[in-house]
Amino acid sequence: MELIYTLDNIEAAAREFTSITNAFKVFAFEGEMGAGKTTFVHALCEVAGVTDGISSPTFSIINQYITPQRQLIYHIDLYRLKNEEEAIQAGVEDCLYSGNTCFVEWPQKTPGLFPDGTLHVAITAIDTNTRKLKINL
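This is a predicted model, so every value here is computed, not measured.

Undergrad: What am I meant to see in the pattern of salt bridges here?
TA: Note on pairing: side chains with opposite charge can pair once their charged atoms come close. Under the counting rule described, the total for this entry stands at 3 salt bridges. Notably, a salt bridge pairs Glu 2 with Lys 132, separated by 3.9 Å at the nearest N-O pair. Taken together, the positions of Glu 2 in strand 1 (residues 2-6) and Lys 132 in strand 7 (residues 130-135) put the pair 130 residues apart, joining distant regions of the chain. Of the charged contacts, one joins Glu 11 and Arg 15 as a salt bridge, the two residues approaching to 2.9 Å between their closest N and O atoms. Pair noted here: Glu 11 and Arg 15 are both in helix 1 (residues 10-20), with a separation of 4 residues, about one helical turn. For Glu 11, a relative accessible area of 46% translates into the label partly exposed. Taking the relative accessible area as the measure of exposure, Arg 15 reaches 44% and is therefore partly exposed.

Undergrad: Which parts of the structure should I look at to understand the sheet that holds strand 2 (residues 26-30)?
TA: Sheets are built from strands that pair by backbone hydrogen bonding, the pairs being arranged parallel or antiparallel. Taken in spatial order, the 7 strands line up as 1-7-6-2-5-4-3 in an open sheet, and their pairing is mixed. This sheet does not close on itself; its edge strands, each paired only once, are strand 1 and strand 3 (62-66). The mean inter-strand angle of the sheet, taken between neighbouring strand axes irrespective of direction, is 20 degrees. As paired elements, strand 6 (residues 119-125) and strand 7 share 5 bridges and run antiparallel to each other. Bridging from a neighbouring strand, Ala 125 pairs with Arg 131 of strand 7. Packed on one face of the sheet, helix 1 meets strand 1, strand 2, strand 6 and strand 7 and runs near 160 degrees to strand 1.

Undergrad: Any chance you could explain the side chain of Thr 101 here in plain terms?
TA: Take Thr 101: it is sitting in strand 5 (residues 101-105). With a relative accessible area of 16%, Thr 101 lands in the buried category. Look past the residues within four positions of Thr 101 in its chain and what remains in contact with it is Lys 25, Phe 27, Leu 72, Ile 73 and Tyr 74.

Undergrad: Sorry if this is basic, but what is going on with the packing of aromatic side chains here?
TA: The relation between two aromatic rings is expressed through the spacing of the ring centres and the mutual angle of the planes. Summed over the entire model, instances satisfying the criterion amount to 8 aromatic pairs. Note on Tyr 5 and Phe 40: the rings are 5.2 Å apart at their centroids and 35 degrees apart in plane angle, and the pair reads as tilted. Note that Tyr 5 is positioned in strand 1 and Phe 40 in helix 2 (residues 37-47), a separation of 35 residues in sequence. Through successive ring pairs, a cluster of aromatic residues spans Tyr 5, Phe 17, Phe 27, Phe 29, Phe 40 and Phe 103. If you follow Lys 109 out to its NZ or CZ, it ends over the ring of Tyr 79, 5.6 Å from the centre.

Undergrad: Help me out: how do you make sense of helix 1 in this one?
TA: Since there are 3.6 residues in each turn of an α-helix, residues three or four apart along the chain are aligned in direction. By the burial criterion, the buried members of helix 1 are Ile 10, Ala 13, Ala 14 and Phe 17. The arc that holds the buried residues of helix 1, viewed along the axis, is 100 degrees, so those residues lie on one side. Tucked into the core, helix 1 has its buried residues touching strand 1, strand 2, helix 2, strand 6 and strand 7.

Undergrad: Looking at this structure, how should I read the packing of helix 1 against helix 2?
TA: Two numbers describe how helix 1 lies on helix 2: the axes approach to 9 Å, and their chain directions differ by 70 degrees. Taken together, the axes of helix 1 and helix 2 are roughly perpendicular relative to one another. Contacts between helix 1 and helix 2 involve Ile 10, Glu 11, Ala 13, Ala 14, Arg 15, Phe 17 and Thr 18 from the former and Thr 39, Phe 40, Ala 43, Leu 44 and Val 47 from the latter. Partitioning the contact of helix 1 with helix 2 into residue classes produces 8 nonpolar, 2 polar and 2 charged.

How each quantity is defined
Along every chain, residues carry numbers that run from 1 in the direction the sequence is written. In keeping with the model being predicted, local features are shown solely for residues with a pLDDT of at least 70 and side-chain atom pairs are shown and tallied solely at 80 or more, while totals for entire chains, interfaces and linings include all residues. The side-chain figures draw on all heavy atoms in the structure; neither hydrogens nor water molecules are used. Salt bridges, as used here, are contacts in which a Lys or Arg side-chain nitrogen is within 4 Å of a carboxyl oxygen on Asp or Glu. Strands are runs of DSSP state E lasting at least 2 residues, helices are runs of H or I lasting at least 4, and numbering of each runs from the N terminus. Per-residue accessibility, obtained with a 1.4 Å probe over protein chains only, is compared with the maximum for each type, and a residue is labelled buried under 20%, exposed over 50%, and partly exposed between these values. We call two strands paired when DSSP finds no fewer than two bridges between them. Note on geometry: axes are lines fitted to C-alpha atoms, helical ones only across the stretch in contact, with angles between N-to-C directions running from 0 to 180 degrees. Any two residues whose heavy atoms approach within 4.5 Å at even a single point are treated as in contact. For Phe, Tyr and Trp, where Trp contributes only its six-membered ring, two rings pair if their centres lie within 6.5 Å, and the inter-plane angle classes them as stacked under 30 degrees, edge-to-face over 60, or tilted in between. Each ring is checked for a lysine NZ or an arginine CZ that lies within 6 Å of its centre and within 35 degrees of its normal; such an atom marks a charge sitting over the ring. Read the arc as the range of directions from the helix axis to the C-beta atoms. For classification, angles of less than 35 degrees are called roughly parallel, those exceeding 145 degrees roughly antiparallel, those between 65 and 115 degrees roughly perpendicular, and all remaining angles oblique. Ten residues, namely Ala, Val, Leu, Ile, Met, Phe, Trp, Tyr, Cys and Pro, are considered nonpolar, four, namely Asp, Glu, Lys and Arg, are considered charged, and the remaining ones, Gly among them, are considered polar.

Structure follows, in C-alpha cells:
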C-alpha cells in the first residue's frame with residue numbers, strides 16, 4: 001500500500017497511517033537521509049497525543065514518550081550504531097520486545113534484532129515537499 005502526502009497534510013497522513021496499521025507495534029522506517037523519517041514519526045507521536053518535546057534520537061539513540069492514555073512510545077534511531085551488539089547494549093532490543101509501540105529509523109543497521117510482525121515502511125522524497133510511504137502490509 002502507498003500513501004502520498006505533503007508537509008501541509010502530514011497530520012492527516014499520520015492519522016490514516018495509524019488507522020491502517022493499528023494492529024502493529026514495531027515499525028521499521030527506511031529511507032534516504034532527509035527523506036522525512038523523523039518528521040513523519042514526529043507527526044505520528046502528535047497524533048497519539050504526545051505533548052512532551054518530540055525530537056530526533058540521533059544522539060540519544062532512544063527517546064521515550066508517554067501518551068495521555070499512559071502508553072509508551074519508543075522512537076529509536078540506529079543511524080550511529082555500528083552493529084547489533086551496540087544496539088543491544090543501548091537497550092534497543094528491550095524496547096523492541098517490550099510490547100510498546102516502537103518507531104525505528106535506519107532498521108537496516110540491525111536487521112536481526114527485529115521481532116516477527118515488524119511492519120516495514122519505506123519513505124521516499126518525491127520532491128522538496130512531497131513524500132511517499134510504501135507500507136508492506
